[in-house]
Amino acid sequence: MNHLLKIEGLSQTAIEDILSASTKLKAERGRHQEQKLAGKTWAMIFAKSSTRTRVSFEIGIRELGGNAIFLNANDIQLGRGEPIKDTARVLGRMAHGAVIRTFAQNDVDEFAAFSGIPTINALTDDEHPCQILADLFTYRELRGSIQGKTVAFIGDGACNVSVSWIFAAAALDFRLRIAAPIEFQPSPELLNRAKGDVVCFVDLKEAAAGADLLYTDVWVSMGKEVEAAERLALLKKYQINADIIQVAHPKAPVMHCLPAYRGNEIDEPTFEAHADTIFRQAENRLHVQKAILEWSVS
Ligand code: CP
Ligand code: NVA
């Protein structure tokens with residue numbers, strides 16, 4: 001049994017195993033020889049909104065022979081204050097695995113510790129590991145190995161998606177350049193912990209110069225809505241647009257984890273010009289999460 005709680009601490013071997021299995025699962029969709037979740041029921045506990053993660057997990061679990069039950073965190077007793085460790089001990093005696101999207105990373109960690117069933121982080125305030133594994137898979141499909149390449153992350157450099165990229169850079173040995181205002185740069189403590197080749201810039205063009213991949217995420221992550229006005233003001237110029245594309249490698253894909261706010265982190269023409277890549281990323285959530293599910297029960 002394996003938990004996927006973060007990219008931090010996930011070994012290169014585990015990442016490689018998941019990415020290789022994703023290739024196979026994508027190629028064999030609809031005719032899987034073995035249904036590794038046959039007869040199993042997975043609980044999906046979501047305390048935040050979701051389109052891609054929810055749908056790709058529900059479909060993925062079914063395609064692997066299992067059943068998924070969706071539990072809005074506010075509809076179960078958790079939302080009324082039942083402790084996570086009690087919820088975990090109940091669900092651990094009924095369900096065979098859990099996918100959790102919530103605020104505090106500690107809640108997912110505690111669920112894993114108390115439930116005794118494979119637990120997958122479907123996004124917390126700290127990390128979005130499933131997203132980054134799908135992004136790494138997408139880059140590999142489009143351009144081959146990411147090792148030694150330069151990824152430029154533009155926008156909220158301290159958000160969950162950026163943090164998962166930071167730990168991925170160390171695990172897979174690529175360079176990460178983050179363009180963000182000082183207020184939205186990852187802490188030096190986190191960068192020291194990650195030990196990857198990660199450099200933060202205030203200047204967008206310096207970060208994007210020669211990049212092999214341009215990446216962005218929303219400026220206002222779920223749970224940060226009270227900071228929206230401040231974020232929109234400080235992040236205003238941290239947009240992927242033609243000016244930034246111009247300084248990156250001419251063949252650099254543009255990725256966005258979605259949902260996108262056109263006119264903020266990316267402009268409309270750039271988004272539409274790179275829509276094939278962006279929606280390939282979204283589709284790959286399904287294939288990669290099926291690989292994560294299989295890995296979690298191995
Ligand atoms: N990228 C992503 O996780 O999308 P959802 O919030 O729609 O699941
Ligand atoms: N950083 C974003 C990712 C959404 C998929 C958020 O947490 O809202």
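Preceding this section is the structure that the text describes.
Residues numbered from 1 in each chain as written. Chains lettered and ligands numbered in written order. Predicted model: local features only at pLDDT ≥ 70, side-chain atom pairs only at ≥ 80, totals over all residues. Heavy atoms only, no water.

### A few points about the pattern of salt bridges
Any two side chains of opposite charge can pair, given that their charged atoms come close.
Turning to step 1, where the next piece is worked out: Summed over all chains, the structure comprises 19 salt bridges.
Turning to step 2, where the next piece is worked out: A salt bridge links K24 to E28, with the shortest nitrogen-to-oxygen separation between them at 3.3 Å.
Turning to step 3, where the next piece is worked out: For the salt bridge of R231 with E227, the shortest nitrogen-to-oxygen distance reads 2.8 Å.
Turning to step 4, where the next piece is worked out: On the basis of relative accessible area, R231 is assigned to the buried category, the value being 4%.
Turning to step 5, where the next piece is worked out: A relative accessible area of 26% places E227 in the partly exposed class.
Turning to step 6, where the next piece is worked out: The structure contains a network of salt bridges with shared partners spanning K6, E8, E189 and R193. (Salt bridge = Lys/Arg side-chain N within 4 Å of Asp/Glu carboxyl O. Buried < 20%, exposed > 50% of the residue type's maximum accessible area, 1.4 Å probe, protein only.)

### A word on the sheet that holds strand 9 (residues 254-256)
Turning to step 1, where the next piece is worked out: Strand order in the open sheet formed by five strands is 7-6-5-8-9, and the pairing between neighbours is parallel. At either end of the open sheet lies a strand with only one pairing partner, and these are strand 7 (197-201) and strand 9. If you compare each strand with its neighbour and ignore which way they point, the axes differ by 20 degrees on average.
Turning to step 2, where the next piece is worked out: Pairing analysis gives five bridges linking strand 5 (residues 150-154) to strand 6 (residues 175-179), with the strands arranged parallel. If you follow T150 over to strand 6, its bridge partner there is R175.
Turning to step 3, where the next piece is worked out: Contacting strand 5, strand 6, strand 7 and strand 8 (213-216), helix 6 (residues 160-172) runs over the sheet at an angle of about 155 degrees to strand 6. (Pairing = 2+ DSSP bridges. Helix = DSSP H or I, 4+ residues; strand = E, 2+ residues; numbered from the N terminus. Axes fitted to C-alpha atoms, helices over the stretch in contact; angles between N-to-C directions. Contact = heavy atoms within 4.5 Å.)

### Section: the nonpolar core
Turning to step 1, where the next piece is worked out: By size, the foremost hydrophobic cluster in this structure holds 55 residues, and its most contacted members are I120, L133, L136, W165, F174 and L176.
Turning to step 2, where the next piece is worked out: Here the element with the most residues in this core is helix 6; it accounts for nine residues.
Turning to step 3, where the next piece is worked out: When near neighbours in sequence (up to four residues on either side) are disregarded, I120 contacts L4, W42, F57, A98, V99, I100, C130, I292, L293 and S296. (Core = buried A, V, L, I, M, F, W, Y, C linked by side-chain atoms within 4.5 Å.)

### Description of the site of ligand 1
Turning to step 1, where the next piece is worked out: Around ligand 1, the structure places S50, T51, R52, T53, R101, H128, Q131, C257, L258 and R285.
Turning to step 2, where the next piece is worked out: For ligand 1, whose unbound accessible area comes to 260 Å², protein coverage reaches 94%.
Turning to step 3, where the next piece is worked out: Classifying every residue of the shell around ligand 1 by side-chain character gives two nonpolar, five polar and three charged. (Near = heavy atom within 4 Å. Areas by Shrake-Rupley, 256 points an atom, 1.4 Å probe, with all protein chains shown as cover. Nonpolar A, V, L, I, M, F, W, Y, C, P; charged D, E, K, R; others polar.)

### Quick notes on the site of ligand 2
Turning to step 1, where the next piece is worked out: Around ligand 2, the structure places L123, N160, D217, V218, S221, M222 and L258.
Turning to step 2, where the next piece is worked out: Note that a nitrogen atom of ligand 2 is positioned 2.8 Å from one of the side-chain N or O atoms of N160.
Turning to step 3, where the next piece is worked out: A distance of 2.7 Å is found between a nitrogen atom of ligand 2 and a side-chain nitrogen or oxygen belonging to S221.
Turning to step 4, where the next piece is worked out: Burial of ligand 2 by the protein amounts to 95% of the accessible area it has alone, namely 270 Å².
Turning to step 5, where the next piece is worked out: Tallied by class, residues from the shell around ligand 2 come to four nonpolar, two polar and one charged. (Polar contact = N/O pair within 3.5 Å; in protein donor to acceptor, adjacent residues only side chain to side chain.)

### Some points on the side chain of K290
Turning to step 1, where the next piece is worked out: Mapped onto the elements, K290 comes out in helix 12 (residues 275-296).
Turning to step 2, where the next piece is worked out: For K290, the side chain forms a polar contact with the side chain of H32, separated by 2.7 Å.
Turning to step 3, where the next piece is worked out: When sequence neighbours within four positions are dropped, the list of residues in contact with K290 reads L25, R29, H32, G60, E63 and L64.

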